[in-house]
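Coordinate analysis (summary)
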Amino acid sequence: MKNKKSVSYSKWGYIFIIPFFVVYIIFNLYPQILTVYNSFFENYRQGLTQVGPNFVGFSNYVALLTPSSEGTIDILRYLGNTMIMWVMGAVPQFLIALILALIFTSSRLNIKGQGVYKSIIYMPNMIMAAAFSMLFFTMFSTVGPVNQVLESMGILDKPIDFISFTLPARSLVAFMNFLMWFGNTTIMLVAGIQGIDESLFEAAKIDGANSWNVFSRITLPLLRPILVYVAITSLIGGLRMFDVPQVLSKGVGMPDRTTFTVVMLLNNYLGTSKNYGMAGAVSVLLFIVTAILSTFVFKFINKKEEK
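Just so you know, the residues in each chain are numbered from 1, in the order the chain's sequence is written. With pLDDT at 70 or above as the cut-off, local features in this predicted model cover only qualifying residues; side-chain atom pairs require 80 or more to be listed or tallied, and sums for whole chains, interfaces and linings still use all residues. To obtain the side-chain values, all non-hydrogen atoms of the structure were included, while hydrogens and water were left out.

1. Focus: the overall build of the protein chain
The way it works is that DSSP assigns letters per residue, a run of H or I at least four long becomes a helix, a run of E at least two long becomes a strand, and they are numbered from the N terminus. Broken down by element type, the protein chain carries 13 helices and two strands. Based on C-alpha atoms, the radius of gyration is set beside the globule rule, defined as 2.2 Å times the residue count to the power 0.38. Here the C-alpha radius of gyration of the protein chain, 25 Å, is well above what a compact globule of 307 residues would show, namely 19 Å. Principal-axis analysis of the C-alpha atoms gives the protein chain an extent of 90 × 70 × 40 Å. Taking all 307 residues of the protein chain together, the buried fraction comes to 35%. A separation of at least 24 residues holds for 64% of the contacts in the protein chain among residues at least 6 apart in sequence. Approximately 19,000 Å² of the protein chain is accessible, and the part contributed by carbon and sulfur atoms is 68%. Three exposure classes are used, based on accessible area relative to the maximum for each residue type with a 1.4 Å probe and protein chains only: buried under 20%, partly exposed in between, and exposed over 50%. Residues count as neighbours in contact if any of their non-hydrogen atoms are within 4.5 Å of one another. For accessible areas, the Shrake-Rupley method is used with a probe of radius 1.4 Å. Any residue's cover is judged against the shown protein chains and nothing else.

The following block contains the structure:
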C-alpha cells in the first residue's frame with residue numbers, strides 16, 4: 001500500500017497575505033514612488049496649456065525653500081502653523097486622555113457603565129472633520145449663537161469675528177482636533193493599562209505604595225510603548241491636518257495665512273494649476289519632516305527607559 005502524500009499547510013499563510021501586498025503595492029507603494037519621481041519634473045497646467053513634463057532635477061525643492069519677496073520661506077511658515085496647532089490640541093488631548101484612562105481602570109473607583117462613557121467620548125471621532133468644522137464655523141461666526149449669547153449677557157457690545165484673529169482661529173482648530181481624537185486616545189490608553197499584569201498593582205499596594213508611586217513606577221513605564229504609538233500616530237495625523245482649517249478658514253488660512261497648513265499648500269498645487277512637480281516636492285519634504293519628528297518623539301519618550 002502506497003503512503004499517502006502529506007499535505008503541507010505552510011504555503012497557505014503566504015497565500016493569505018498575498019492580497020495585502022498586492023493592494024499595498026498598487027495603492028500605496030506605487031503612488032509613493034510616482035510622487036518622488038514627479039518631484040523632479042516640471043509638470044503643470046497654465047490655462048489650457050500643459051507645460052512638461054520636463055526634468056528639472058532639484059529645482060522644485062529649491063523653489064520651495066527659497067524665501068519669498070517678504071523674506072519668509074512659505075513652506076516652513078506653514079509647517080510652523082501646522083505644528084503650533086497640533087501641539088495646542090495634542091497636549092490637552094494626551095493629558096485628559098491619560099487622566100480618563102486612569103479613572104476608568106481604577107479598581108478603587110470601580111466606575112459602573114464604562115461602556116456608555118467610552119461610547120460618548122468616542123462619538124466626536126465618528127463625525128466627519130468637514131462637518132465638525134462647518135458646525136464650529138457657524139457657531140463662532142458674527143451671527144452665530146456664541147456671539148449672540150455673549151451679547152445677551154452684556155459681555156460684548158458688538159459681534160466679534162473670531163476667525164479674523166490669530167489666537168482664536170488657531171485655538172478653534174486645535175480644540176476641534178482635541179475633541180475629535182481624545183476619545184480614541186483614551187480608549188488606546190485604557191487598553192494599554194488593562195494589559196498590565198494586575199499582580200504588579202497588588203504587590204505595590206501590599207508594599208504600601210501610594211497612588212503617585214504606582215503611577216510613576218509601574219503604570220507610566222509599562223504604558224510607554226502605547227504612549228509612543230499614540231504620540232507618533234497623532235504627530236503624523238497632525239502634520240496631515242487639512243479638513244478642519246480648510247473649512248474654518250475658507251481655504252485661505254485666515255487670518256493672514258496663520259492657519260494655513262502644509263497639506264493645504266499641497267492641495268493648492270494639485271487643485272489650481274495641477275502642478276504635480278511642486279506637489280510631489282511638498283509631499284517628499286513633508287515625508288522627511290514626519291520621519292525626523294517621529295524619530296525624535298520615539299527617542300524622547302523612550303529616553304528614560306534606555307537609561
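2. Brief notes about unusual backbone geometry
With an omega of -10 degrees, the peptide bond between M254 and P255 qualifies as cis. Position of P255 among the secondary structure elements: in the loop between α10 (243-248) and α11 (262-271). A positive phi angle, near 60 degrees, is found at R257, a position not held by glycine.

3. Thoughts on the pairing of strand β1 (residues 41-46)
Examined bridge by bridge, β1 and strand β2 (residues 49-55) share five bridges and lie antiparallel to one another. Bridged to F41 within β2 is F55. Only when DSSP finds a minimum of two bridges between them are two strands counted as paired. Turn length for the β1-β2 hairpin, with the two strands adjacent in sequence and antiparallel, is two residues, and the turn residue G47 shows positive phi of about 70 degrees.

4. Details of helix α5 (residues 129-139)
Among the residues making up α5, those that are buried are A129, F132, S133 and F136. The buried residues of α5 all sit within an arc of 100 degrees when viewed along its axis, so they share a single face. In this structure, the buried side of α5 is in contact with α7 (166-194) and α10. The directions from the helix axis to the C-beta atoms are what the arc is built from.

5. Description of the pattern of salt bridges
For salt bridges, the criterion is a side-chain nitrogen of Lys or Arg within 4 Å of an Asp or Glu carboxyl oxygen. Summed over the entire model, instances satisfying the criterion amount to one salt bridge. With a shortest N-O distance of 3.8 Å, D256 and R77 are connected by a salt bridge. Placement of D256 in the loop between α10 and α11 and of R77 in helix α3 (residues 74-105) is noted, with a sequence separation of 179 residues between them.

6. Looking at the packing of aromatic side chains
Only the six-membered ring of Trp is used, alongside the rings of Phe and Tyr, when aromatic pairs are assigned; centres must lie within 6.5 Å, and planes under 30 degrees apart are stacked while those over 60 apart are edge-to-face, with the rest tilted. Scanning all chains against the criterion turns up 17 aromatic pairs. Ring geometry for W12 against F16: centres 6.4 Å apart, planes inclined by 35 degrees, an arrangement best described as tilted. You can see W12 and its partner F16 sitting in helix α1 (residues 10-38), four residues apart, about one turn around the helix. An aromatic cluster of at least three residues, connected via ring pairs, comprises F132, F136, F140, F162, F175, F178 and F182. We call a charge positioned over a ring when the NZ of a Lys or the CZ of an Arg lies within 6 Å of the ring centre and within 35 degrees of the ring normal. The positively charged end of R257 is found above the aromatic ring belonging to F260, 4.3 Å away from the centroid.

7. Quick word on the nonpolar core
The definition of a nonpolar core used throughout is a set of buried Ala, Val, Leu, Ile, Met, Phe, Trp, Tyr and Cys residues joined through side-chain atoms within 4.5 Å. Counting residues in each nonpolar core, the largest one holds 55 residues, and the members touching the most others are L64, F136, L172, M176 and V282. Those residues in contact with L172 that lie beyond four places of it in its chain are F136, F140, F162 and L248. Of all hydrophobic cores here, the second largest spans five residues; its members include F201, A204, V214 and I218.

8. A closer look at the environment of V146
Looking at the element boundaries, V146 is found in helix α6 (residues 145-152). Separated by 112 residues in the primary sequence, V146 and T258 have C-alpha atoms spaced 23 Å apart.

9. Some points on the packing of helix α9 (residues 211-239) against helix α12 (residues 276-301)
Where α9 meets α12, the closest approach of the two axes is 10 Å, and the angle between their N-to-C directions is 155 degrees. With respect to α12, the element α9 is oriented roughly antiparallel. In this structure, the crossing between α9 and α12 has a hand that is right-handed. Residue-level inspection shows R224, L227, V228, A231, I232, L235, I236 and L239 of α9 in contact with α12, the latter providing L286, T290, L293, S294, V297, F298 and I301. What counts as an axis is a line fitted to C-alpha atoms, over the stretch in contact for a helix, and the angles between N-to-C directions run from 0 to 180 degrees. In this scheme, roughly parallel covers angles under 35 degrees and roughly antiparallel covers those over 145, while 65 to 115 is roughly perpendicular and the rest are oblique. Left-handed describes a crossing whose near helix is turned anticlockwise from the far helix through less than a right angle; right-handed describes the clockwise counterpart.

10. Concerning the environment of V228
Counting through the fold element by element, V228 comes out in helix α9. Take V228: its relative accessible area is 7%, and that puts it in the buried class. C-alpha separation for the pair V228 and S294, spaced 66 residues apart in sequence, amounts to 9.3 Å. Excluding anything up to four places from it in sequence, V228 contacts F298, I301 and N302.

11. Structural notes on the confidence of the model for the protein chain
The pLDDT value tells you how sure the predictor is about a given residue, anywhere from 0 up to 100. Of all residues in the protein chain, 96% have pLDDT values of 70 or greater, and the mean over the chain is 87. The weakest mean pLDDT in the protein chain belongs to helix α13 (residues 303-306) at 58; the strongest belongs to α3 at 93.

12. Points about the packing of helix α4 (residues 114-126) against α7
For the pair α4 and α7, the least separation of the axes is 5 Å and the interaxial angle reads 135 degrees. It follows that α4 is oblique to α7 by the angle criterion. Of the two elements, α4 crosses α7, and the hand of that crossing is left-handed. Residues K118, I121, Y122, P124 and N125 of α4 form the contact with α7, whose participating residues are L179, M180, W181, F182, G183, N184, T186, I187, V190 and Q194. All residues other than Ala, Val, Leu, Ile, Met, Phe, Trp, Tyr, Cys, Pro, Asp, Glu, Lys and Arg, Gly among them, are scored as polar; the first ten of these are nonpolar and the last four charged. Of the residues belonging to the contact of α4 with α7, the class tally is nine nonpolar, five polar and one charged.

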